[in-house]
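Per-entry structural report
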Amino acid sequence: MTLIKTTYNRRSFLKTGSLAGGGMILGFSWLASCKPTPEQVNNIPKEWFDINSFLKIGDNGMVTIMSPNPEIGQNVKTSMPMIVADELGVDWKNVIVEQAPLNTDIFQRQLAGGSQSIRVGWSGLRMAGATARHMLVAAAAEAWQVDASEITVSAGIISHTASNNSAGFGEMASKAATMPVPEEVKLKESSNFDIIGTDRRNVDGQNIVTGKPLFGIDIQEEGMLIAMIVHPPAFGLTYKSMNANDVKSMPGIKDVFPIDAYKDDTEKQWSDGGAINKLVAIVGESTWQCMQAKKALNVTWEETSALESTKGHDEALTKLLNTSSKKPARKDGDVASAFRKADKVIERTYSAPFLAHNTMEPMNFFADVNGERALLNGPIQTPEFLEKTLASRLGLPVEKIDIKMTRMGGGFGRRLYGTFGVEAAVISQKMQAPIKLVYTREDDMTQGTYRPTYKVKYKAGLDKEGNLLAWHVKGAGSNDDLLFENRFPAGAVDNYLAEKFSLETNVTTGAWRAPRSNFVAGAEQAFIDEVAEAAGKDPIEFRLELFDRAIKNPVGEPEKNDYDPERYAGVLKLVRDKSGWSKGQGNAKRGVSAYYCHNSYVAQVLDLNDDTDAPKVDKVWCAVDCGIVINPMAAKNQIEGGIIDGIGHATYSEMTFENGQPQHKNFDTYRLIRHKEAPKEIETFFVDNGIDPTGLGEPSLPPIIGALANALYKATGQRHYNQPFITEKSVIG
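Quantities reported herein were computed from a predicted structural model and do not represent experimental measurements.

How each quantity is defined
Residues numbered from 1 in each chain as written. Predicted model: local features only at pLDDT ≥ 70, side-chain atom pairs only at ≥ 80, totals over all residues. Heavy atoms only, no water. Helix = DSSP H or I, 4+ residues; strand = E, 2+ residues; numbered from the N terminus. Expected span 1.5 Å × (residues − 1). Bend = angle between axes of the 7 residues up to and from the residue. Axes fitted to C-alpha atoms, helices over the stretch in contact; angles between N-to-C directions. Parallel < 35°, antiparallel > 145°, perpendicular 65-115°, else oblique. Contact = heavy atoms within 4.5 Å. Nonpolar A, V, L, I, M, F, W, Y, C, P; charged D, E, K, R; others polar. Core = buried A, V, L, I, M, F, W, Y, C linked by side-chain atoms within 4.5 Å. Buried < 20%, exposed > 50% of the residue type's maximum accessible area, 1.4 Å probe, protein only. pLDDT = per-residue confidence, 0-100. Pairing = 2+ DSSP bridges.

Focus on helix α5 (residues 117-144)
An ideal rise of 1.5 Å per residue puts 40 Å on 28 residues; α5 measures up with 40 Å between its terminal C-alpha atoms. Where α5 bends most, at Ser123, the angle is about 40°. Remark: Gln145 follows α5 within two positions and exhibits a positive phi of approximately 55°.

Listed below in structure tokens is the structure:
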């Protein structure tokens, strides 16, 4: 096993400077490294030749590679083309990357979600590059009258040593475009990768830091009007009436009208979850004018369902956990009998609140809809599903709907739900004009599609030697049943019972970074530490004993278990060794955690410095098994972002409700992590095992919450059962 080591240091991060508006640049000389090469600036081809749907080659050897999936900050716009380029055999400096438009006929799964873009696209992207390489070689073989098997390709040069022939891609591009597409191609051995596994800067880096238009919010089109929406102030209310005529006379306002975002006969997709059907649209010449009109507009709402509150949600979830399921999600052995025989029984309940997504770029979308076609452009994680909904809602065939994708200023699952794209299209159709819909921060934070609120109850039984006899877990969430019943420790304990429940609520919910795992991992890992303490065992050794059981003598049917216990144990051993777990780090208080999700394994050790009243996160060690790492630099950034995100939300963030109304509307009351509260240092180790890539954007977030909770216990003597942790004690200074 070989390792790839990367380090984040907050002090180095600070030295690189900051951008206007509070953004920060990560890494030394980042801007300089993103400058276009002379080849890209001065050698734009006179003619391009389409080789396949993923790439085209210019007459001078420049290669344009299409990135098919939406770019949400996970860096797939760089990493996906890297895969194509490696198999093609082009020099990366001669590659231009473009965002592909939505085209379900030629691209598969044009979706950003579930940390699956690279995993699902891996084979297809490699095939696209290898196919193009095969066609270039075939063209050269025909031109030189030699055997194709004797031709080699490297850095954009095609060579035949025996005949002393060589040519650049540009010289063979026109002929290659006419060659038959092979039915089978040979892919590279991973040991021969030239680009995959090397650090490559973000292809949009130069444009991002110099403020070039990239994001949906940047769109400006001739004749475009601005639209804003007004939605009910509380869940359980719907539109009744308004004083539209008074507002229509305000400067710049073109119209004010109610809309049904979805007609009754609209065929909704899963991505339409969280939609508020009846809204008020305000259309004007500028965002400012629309915002002033919103303030002046008086809308009357009427109650259609119960106005729920946080206290009621908590009580209802508690009630569910105090019941028994008639059909358990999983049952191994006899849990009740095992608990009666246990020497020690530990039972704990954990909870977490609703969370907003809070993308830095608020929801927005451009739409230009007339009777014959619909043109849309904006930040969307699920363009294919938006297209299907629009076809039904607008009454247009799919082929008359054109959706382009901008770079997204954050998503975390929020932009999986494309209701804002539908709203923009409906408003444009009504106005018969191009529209850019813009949400305010308050619009987005109070609209819904929140991370569900959760509760989970764990019960564990130990014998006199500290061995785990029984494990019982009950989980419940709002509009979500929470548990992954076949994940660890399922398969590692003889008597195991998992029960799950869902609480129906009118507060709309949806995927939030690492769905379900973002809560249950932290709770599970905190509970395991408490059980290990009761057993009188080191928390890492206690976990490894369970993994050893799952490896050597698994309970039940091993194929039912979601995880590979050897890889799971592998990252835990790795982080133990790299962090010097047994030796400790001075006065630091340490917590450990390990979790499997999105097909990847992550283990973390977190050190708190408790020299002050408010402990500080000093350092995090992180071991990751996600298969082949395409771009180590980007992978490291994703891991670090997930760690900081998890620490911040678990410690500070919550959305509460009173009579159906969200109690937090902007960042003045909704607390996010601050720079000084981030870890001083994060050290990441990737396991290099040659396995095909798995998920990466989400797996580092869930376990860090457990590691933080366990470290806080060491620092303060207090266990944390309820998020955000700050409600129980001020925890991070």
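Regarding the packing of α5 against helix α6 (residues 169-176)
Axis separation between α5 and α6 bottoms out at 9 Å; the angle between their running directions is 90°. On the basis of the axis angle, α5 is roughly perpendicular to α6. Along its contact with α5, which presents Met135, Leu136, Ala139, Ala140, Glu142, Ala143 and Trp144, the element α6 presents Phe169, Met172, Ala173, Lys175 and Ala176. In terms of residue class, the contact of α5 with α6 is made up of ten nonpolar, no polar and two charged.

Quick word on the nonpolar core
In this structure, Val456, Tyr458, Leu468, Trp471, Tyr568, Leu572 and Leu606 are the most contacted members of the largest nonpolar core, which totals 94 residues. In this structure, Leu55, Leu88, Ala140 and Ala167 belong to the second largest nonpolar core, which totals 47 residues.

Regarding the confidence of the model for the chain
Looking at the chain as a whole, its pLDDT mean stands at 92, while 93% of the residues score no less than 70. Taken as a whole, residues 10-34 scores under 50 in pLDDT and shows 41 contacts with residues more than four places along the chain or in a different chain.

Considering the sheet that holds strand β16 (residues 364-369)
Taken together, seven strands build an open sheet; the order of strands is β11-β12-β9-β19-β16-β17-β18 and the sheet is mixed. Taken across any chain shown, the strands that pair with only one partner, and hence form the sheet edges, are β11 (253-260) and β18 (401-405). Going across the sheet, the axis of each strand differs from the next one's by a mean of 20°, ignoring polarity. Note: β11 against strand β12 (residues 278-284), seven bridges, orientation antiparallel. Within β12, the residue paired with Ile259 across the bridge is Leu279. In this fold helix α9 (residues 287-296) packs onto β9 (225-230), β11 and β12, with an angle of close to 25° to the strand it touches most, β9. With respect to the sheet, helix α12 (residues 383-394) is in contact with β11, β16, β17 (374-378) and β18, its orientation differing from that of β18 by roughly 150°.

A look at the environment of Val493
With respect to the helices, strands and loops of the structure, Val493 is situated in the loop between β21 (468-478) and β22 (495-503). When its relative accessible area of 1% is taken as the criterion, Val493 is described as buried. In this structure, the C-alpha to C-alpha distance between Val493 and Arg549, residues 56 residues apart in sequence, is 7.9 Å. Beyond its immediate chain neighbours, meaning those up to four positions away, Val493 contacts Leu468, Leu469, Ala470, Trp471 and Val555.

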